[in-house]
Amino acid sequence: MIHSLKVGRANVFVIQEEKTIIVDTGSPKKSDFLLQSLYKLGVTKNSVSLILLTHGHLDHFGNINEIRSVFNAPVAIHREDVGALEKGQDSYLKPTRKRGALIKPFLHGKIKGTSPDMLIDTTLSLKPFGVNGKVVHTPGHTDGSLSVILKNKEMIIGDLLMGGHIGGFFLPHKPRHHYFAHNMDTAQKSIQRLLHEKPSKIYVGHGGPLTFRDIQKREF
Ligand SMILES: [Zn+2]
Ligand SMILES: [Zn+2]
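Residues numbered from 1 in each chain as written. Chains lettered and ligands numbered in written order. Predicted model: local features only at pLDDT ≥ 70, side-chain atom pairs only at ≥ 80, totals over all residues. Heavy atoms only, no water.

- You'll find the chain entered in an unreviewed UniProt entry as Metallo-beta-lactamase domain-containing protein, with Priestia filamentosa given as the organism.

See below:
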């Protein structure tokens, strides 16, 4: 079961099966809200087996220091995105269209940098972490973007796509490309690869969730 929490500008996901996996941590300075939300879901210090970061953007790892100090679990990120986490700030953001260029000057900020406990390269089975599923490398938005695919084909794809406009404020279920992508061609390939697996539901970092049908209709 996947729970979605809006923490600042981005969604945080809580996968609860035999164990709990926390996916992303939201925008900075929201750790109290995030922790309270996690406790409300019944998440306890020792029930968490993994803290997974979909990619190295500040609005997704903003509360990593506070969260990792509470839960007894390793932090994992893809090797290509580790630099941003260690610096505690976004690496270069390449706008995909005009709005990306317009909002870019407002996206600065920094937290205390930190190092992960695990680096992911191509794939990671979540079985040892008490969840029926896997993590796969789906580059494009960033070089090290990761997605989670559960056995029931529910997916968490980070910022590979987003839902609606202004962080999902309008039309949150309408699939769109993110405002930023390091490599659009690579992003398209990653999206096609995921669609090939016929997702039952697609959770994204902003807005959503999305359906397979809506994405297919828009021909990404
Ligand atoms: Zn991002
Ligand atoms: Zn984001």
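### What about the sheet that holds strand 9 (residues 146-150)?
Now for step 1: Ordered in space as 7-8-9-10-13, the 5 strands form an open sheet in which the pairing is mixed. The outermost strands of the open sheet, each flanked by one partner alone, are strand 7 (123-125) and strand 13 (201-203). Strand after strand, the sheet turns through a mean of 15° between neighbouring axes, direction not considered.
Now for step 2: Examined bridge by bridge, strand 9 and strand 10 (residues 154-156) share 2 bridges and lie antiparallel to one another. Residue pairing in the sheet places Ile149 in a bridge with Met155 of strand 10.
Now for step 3: The strands touched by helix 6 (residues 184-196) are strand 8 (133-137), strand 9 and strand 10; relative to strand 8, the strand with the most contacts, the crossing angle is about 155°. (Pairing = 2+ DSSP bridges. Helix = DSSP H or I, 4+ residues; strand = E, 2+ residues; numbered from the N terminus. Axes fitted to C-alpha atoms, helices over the stretch in contact; angles between N-to-C directions. Contact = heavy atoms within 4.5 Å.)

### Some details on the packing of aromatic side chains
Now for step 1: This model, assessed by the stated rule, comprises 1 aromatic pair.
Now for step 2: Where Phe13 meets Tyr203, the ring centres are 5.5 Å apart and the plane angle is 65°; that geometry is what we call edge-to-face. Note that Phe13 is positioned in strand 2 (residues 10-16) and Tyr203 in strand 13, a separation of 190 residues in sequence.
Now for step 3: Judged by its relative accessible area of 1%, Phe13 is buried. (Phe/Tyr/Trp six-rings, centres within 6.5 Å; stacked < 30°, edge-to-face > 60°. Buried < 20%, exposed > 50% of the residue type's maximum accessible area, 1.4 Å probe, protein only.)

### Things to note about the side chain of Thr20
Now for step 1: Mapped onto the elements, Thr20 comes out in strand 3 (residues 20-23).
Now for step 2: Using a relative accessible area of 6% as the deciding quantity, one classes Thr20 as buried.
Now for step 3: Setting aside residues no more than four positions away along its own chain, Thr20 makes contact with Val14, Ile15, Val43, Ser47, Val48, Ser49 and Leu50.

### Things to note about the coordination of the zinc ion (ligand 2)
Now for step 1: Every protein donor of the zinc ion (ligand 2) is listed here as Asp59 (OD), His60 (NE2), Asp159 (OD) and His206 (NE2), and their distances to the metal cover 2.1 to 2.6 Å.
Now for step 2: Seen from the zinc ion (ligand 2), its 4 donor atoms lie at angles of 86 to 158°, and the figure they make is irregular.
Now for step 3: Each donor residue of the zinc ion (ligand 2) belongs to the same chain, and together they define the spacing D-H-x98-D-x46-H.
Now for step 4: Separating the zinc ion (ligand 2) and the zinc ion (ligand 1) is a distance of 3.4 Å, and Asp159 donates to both of them. One end of the pair, His60, is in helix 2 (residues 58-61); the other, His206, is in the loop between strand 13 and helix 7 (212-217), and 146 residues separate them in sequence. Here His60 and His206 have matching classes, each one buried. (Donors = N, O, S within 2.8 Å, 3.2 Å for Na, K, Ca; no water. Tetrahedral: all angles 85-135°; square planar, octahedral: opposite > 155°, others 65-115°.)

### Brief notes about unusual backbone geometry
Now for step 1: Cis geometry is adopted by the peptide bond preceding Pro209, which originates at Gly208 and carries an omega value of -5°.
Now for step 2: Relative to the helices and strands, Pro209 is located in the loop between strand 13 and helix 7.
Now for step 3: Of note, the phi angle at Asp24 is positive, near 70°, even though the residue is not glycine.
Now for step 4: By the element assignment, Asp24 lies in the loop between strand 3 and helix 1 (31-40).
Now for step 5: Take Asp24: its relative accessible area is 1%, and that puts it in the buried class.
Now for step 6: Look at Leu171: it is not a glycine, yet its phi comes out positive at around 45°.
Now for step 7: Note on placement: Leu171 falls in strand 12 (residues 170-176).
Now for step 8: Judged by its relative accessible area of 53%, Leu171 is exposed.

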